[in-house]
Amino acid sequence: MSPSPPRPARPRALTIAGSDASGGAGIQADLKTFALLGVYGMSALTAVVAENTVGVQGVVELEPSFVLQQIASAWDDVGVDALKTGMLANAAIVEAVAADLARRKARHLVVDPVMLAKGGEPLLAADARRALVDRLLPLAEVVTPNLPEAEALSGMRIADEAARREAARRIQALSGGWVVLKGGHAPWQPGRSVDLAYDGREWLELEGERVETPHTHGTGCTFSAAVAAGLAHGLDVPAALRLARAFISAAIRGGAERPLGHGHGPTDAVAAAVALGGRPVPVAEFAATPGAPGAPGAGGRARPGEGGAP
Ligand SMILES: Nc1ncnc2c1ncn2[C@@H]1O[C@H](COP(=O)(O)OP(=O)(O)OP(=O)(O)O)[C@@H](O)[C@H]1O
Ligand SMILES: [Mg+2]
């Protein structure tokens, strides 16, 4: 058996991405995923997005220099074991972030090359794609395009598994690290959602049962954040991908069972953590019941295990 990886005392991860007012995607999804996977999460916002399960209502892009200031605030004080990028909005932000991460010799970088929102709204200006490919991809340990993004990055149509392999080869050559072509949009694999990973030598197929549901808001953000969380813990890339695959499957299942919003509902990262062996805080135990210690009039505050709801 290979020795276990060194474990940081308290793993730290940074997300550089846009926000999602409805909480299902963007930095909100990333921070929840980090926390539920035992990682201290930090964020540098690129854009504030008025978005929900129905669509994108508005975007305010931040100044590139202010994005870098946020990265410095997190990095130079707390430190970063792994990080991910999500929505980078425009070419100036991509260029600035890539130069900053190169200068910092960032390790364990997951690049989720976000280009479009689920509803098709652009989240990356067209002229920023060149900067993403030339400047950011070469710094990445893992790149996680969905199929439309993989088509844009590889310059080819992907309509079957052979084409997906060829696109993976092309994108891997651009980056040099691992590329994961996610299977959420692969119509030739009914009933399954298989993510295909390649590092120039090894192919990995990350199998998953397709959950038949429209509620997949934030799947890509949650997946790439889970990969970064695994890397922050010291897992190698294949292990971090297996973790992320298991986490996103359970999160989609949880979101499908208890949908929120009027459109494509968000995944449920809490349900995923519980499905993978976590335990939710027993919040109900804090409820004051009449006559119990901590109940109104009984003096003091309820503590877990002191009465309260079962
Ligand atoms: N219906 C589904 N059932 C099971 N797994 C799914 C489903 N849809 C997506 N996934 C998984 O979710 C992860 C994200 O893939 P997807 O292709 O949806 O990313 P994305 O398009 O970038 O998402 P987003 O639109 O949130 O950016 C992958 O691991 C994929 O296999
Ligand atoms: Mg995506």
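Preceding block: the structure.
Treat the numbers as computed from the prediction; the structure is a model and nothing was measured. (Residues numbered from 1 in each chain as written. Chains lettered and ligands numbered in written order. Predicted model: local features only at pLDDT ≥ 70, side-chain atom pairs only at ≥ 80, totals over all residues.)

1. Some points on the overall build of the protein
In terms of helices and strands, the protein carries nine helices and 10 strands. Since a compact globule built from 310 residues should have a radius of gyration of about 19 Å, the 20 Å found for the protein is in line with a globular shape. Taken along the three principal axes of its C-alpha coordinates, the protein extends 70 × 50 × 45 Å. By residue count, 49% of the 310 residues in the protein fall in the buried class. A fraction of 65% describes how many contacts in the protein between residues 6 or more apart in sequence connect residues 24 or more apart. (Helix = DSSP H or I, 4+ residues; strand = E, 2+ residues; numbered from the N terminus. Rg over C-alpha atoms; globule rule 2.2 N^0.38 Å. Buried ≥ 20, exposed ≤ 12 C-beta atoms within 10 Å, placed from the backbone. Contact = placed C-beta atoms within 7 Å.)

2. Some remarks on the sheet that holds strand β2 (residues 40–45)
With mixed pairing, the eight strands of this open sheet are ordered in space as β2-β1-β5-β6-β7-β8-β9-β10. In this open sheet, the two edge strands, each paired with only one partner strand, are β2 and β10 (203–206). As paired strands, strand β8 (residues 178–181) and strand β9 (residues 195–198) are joined by three bridges and run antiparallel to one another. Paired with Val179 across the two strands is Tyr198, which belongs to β9. Relative to the sheet, helix α6 (residues 161–175) contacts β7 (142–143), β8 and β9, its axis offset from that of β8 by approximately 145 degrees. (Pairing = 2+ DSSP bridges. Axes fitted to C-alpha atoms, helices over the stretch in contact; angles between N-to-C directions.)

3. Looking at the packing of helix α1 (residues 26–36) against helix α7 (residues 219–232)
Viewed as axis vectors pointing N to C, α1 and α7 meet at an angle of 40 degrees, and their least axial separation amounts to 8 Å. One finds that α1 runs oblique with respect to α7. Judged by the twist between their axes, the crossing of α1 over α7 is right-handed. In this structure, α1 contributes Gly26, Ala29, Asp30, Thr33 and Phe34 to the contact, and α7 contributes Cys221, Thr222, Ala225, Ala226 and Ala229. A class-by-class count of the residues in the contact of α1 with α7 yields six nonpolar, three polar and one charged. (Parallel < 35°, antiparallel > 145°, perpendicular 65-115°, else oblique. Left-handed = near helix turned anticlockwise from the far one by under 90°. Nonpolar A, V, L, I, M, F, W, Y, C, P; charged D, E, K, R; others polar.)

4. Digging into the pairing of β8
Here β8 shows no split at all, with Trp178 and Val180 on one side and Val179 and Leu181 on the other all buried. Note: β7 against β8, two bridges, orientation parallel. Note that in β8 the partner of Val142 across the bridge is Trp178.

5. Focus: the site of ligand 1
Around ligand 1, the structure places 23 residues, and the nearest of them are Asn146, Lys182, Gly184, Ser193 and Gly220. Residue assignment for the shell around ligand 1 shows that the elements contributing at least two residues are α7 and α8 (237–257). The class makeup of the residues in the shell around ligand 1 is six nonpolar, 12 polar and five charged. (Near = placed C-beta within 6 Å.)

6. Structural notes on the nonpolar core
Ala13, Val227 and Ala228 are the most contacted members of the largest nonpolar core, which totals 90 residues. Beyond its immediate chain neighbours, meaning those up to four positions away, Ala13 contacts Phe34, Val39, Gly41, Val80, Asp81, Ala82, Leu83, Ala228, Ala229 and Ala232. (Core = buried A, V, L, I, M, F, W, Y, C linked by C-beta atoms within 7 Å.)

7. Side note on unusual backbone geometry
Located in the positive-phi region is Lys105, a residue other than glycine, with phi close to 50 degrees. Examined against the element boundaries, Lys105 turns out to sit in the loop between α3 (91–103) and β6 (109–111). The phi dihedral of His108 is positive, around 60 degrees, even though this residue is not glycine. When you line up the elements, His108 lands in the loop between α3 and β6.

8. Things to note about α1
Of all the 11 residues making up α1, 10 are buried; the element is thus mostly covered by neighbouring parts of the structure. Within the sequence span of α1, burial applies to Gly26, Ile27, Gln28, Ala29, Asp30, Leu31, Lys32, Thr33, Phe34 and Leu36. In this structure, the buried residues of α1 make contact with β1 (12–17), β2, β3 (47–51), β5 (82–85), α7 and α9 (269–275). Of the residues trailing α1, Gly38 is marked for its positive phi of about 75 degrees.

9. Side note on the pairing of β3
The alternating pattern of β3 places Ala47, Val49 and Glu51 on a buried face and Val48 and Ala50 on a face that is not buried. The pairing of β3 with strand β4 (residues 56–61) spans five bridges and is antiparallel. Following the sheet pairing, Ala50 is matched in β4 by Gly58. Linking β3 back to β4 in an antiparallel pair, the connection comprises four residues.

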